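# Tertiary structure, described
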Amino acid sequence: HGMNYPMPSEDKHYVTIFMTAKCSNEADGPVNLEPHKCEGWSSYSWDELQQISRGEREGLSIFGPLQHLLEEAPPIVLDFLGVTK
């Protein structure tokens, strides 16, 4: 699912592609291969992301394009996650 997200106030423009996939080995997880660029990885359910989006989870915020994905709630993403709207 692609999102076009201009951010003129920050002089940025993001084109974000959200992809879905399943691991062939569920014991595997993401590995941070660029710790100097990335603080780490966290995993959240759709409901948890909605809570963060509404400011219900202190100290966490949502990246702008992800906020738009949450608002749009595309059926293909919800189906993949097994979320009912």
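### What to know about the overall build of the chain
When helices and strands are counted, the chain shows 3 helices and 2 strands. Put simply, the chain runs from its N terminus to its C terminus through helices and strands in the order β-β-α-α-α. With the C-alpha coordinates aligned to their principal axes, the bounding extent of the chain is approximately 40 × 40 × 30 Å. The buried share of the chain, reckoned over its 85 residues, is 20%. The long-range share in the chain, meaning contacts at least 24 apart out of those at least 6 apart in sequence, stands at 37%. As displayed, the chain has an accessible area near 7000 Å², and 51% of this comes from carbon and sulfur atoms.

### Structural notes on the state of the cysteines
On inspection of all chains with the given rule, the structure shows 0 disulfides. Residue C23 stays outside any disulfide, its sulfur separated by 16 Å from that of C38, the closest cysteine. When its relative accessible area of 25% is taken as the criterion, C38 is described as partly exposed.

### Quick notes on the pairing of strand β1 (residues 2-7)
Burial of the side chains of β1 is restricted to one face: M3, Y5 and M7 are buried, whereas none of G2, N4 and P6 on the reverse face is. For β1 and strand β2 (residues 12-17), the ladder comprises 6 bridges, and the chain directions are antiparallel. Directly across from G2, in β2, lies its bridge partner I17. With antiparallel pairing between neighbouring strands as the criterion, β1 and β2 make up a hairpin whose turn holds 4 residues, including D11 at a positive phi of roughly 55°.

### Some details on helix α2 (residues 64-72)
Among all positions of α2, only G64, P65, L66, L69 and L70 are buried. In this structure, the buried side of α2 is in contact with β1, β2, α1 (46-53) and α3 (75-81). Count one or two residues on from α2 and you reach A73, which has phi positive near 45°.

### Re the packing of aromatic side chains
Tallied over the entire structure, the rule returns 1 aromatic pair. With centroids separated by 5.1 Å and ring planes inclined at 85°, the aromatic side chains of Y14 and F63 adopt a geometry described as edge-to-face. Of the two residues, Y14 is situated in strand β2 and F63 in the loop between α1 and α2; the sequence distance between them amounts to 49 residues. Residue Y14 is classed as partly exposed on the basis of its relative accessible area of 28%. Judged by its relative accessible area of 40%, F63 falls in the partly exposed class. A cation over a ring is seen here: K22 above F80, with NZ or CZ 5.5 Å from the ring centre.

### Quick notes on the pattern of salt bridges
Across all of its chains, the model carries 3 salt bridges by this definition. A salt bridge links K37 to E34; the shortest N-O distance between them is 3.3 Å. With relative accessibility at 61%, the residue K37 sits in the exposed group. Notably, a salt bridge pairs E56 with R54, separated by 2.8 Å at the nearest N-O pair.

Reading guide: rules and limits
- Residues numbered from 1 in each chain as written.
- Predicted model: local features only at pLDDT ≥ 70, side-chain atom pairs only at ≥ 80, totals over all residues.
- Heavy atoms only, no water.
- Helix = DSSP H or I, 4+ residues; strand = E, 2+ residues; numbered from the N terminus.
- Buried < 20%, exposed > 50% of the residue type's maximum accessible area, 1.4 Å probe, protein only.
- Contact = heavy atoms within 4.5 Å.
- Areas by Shrake-Rupley, 256 points an atom, 1.4 Å probe, with all protein chains shown as cover.
- Disulfide = S-S within 2.5 Å.
- Pairing = 2+ DSSP bridges.
- Phe/Tyr/Trp six-rings, centres within 6.5 Å; stacked < 30°, edge-to-face > 60°.
- Lys NZ or Arg CZ within 6 Å of the ring centre and 35° of its normal.
- Salt bridge = Lys/Arg side-chain N within 4 Å of Asp/Glu carboxyl O.

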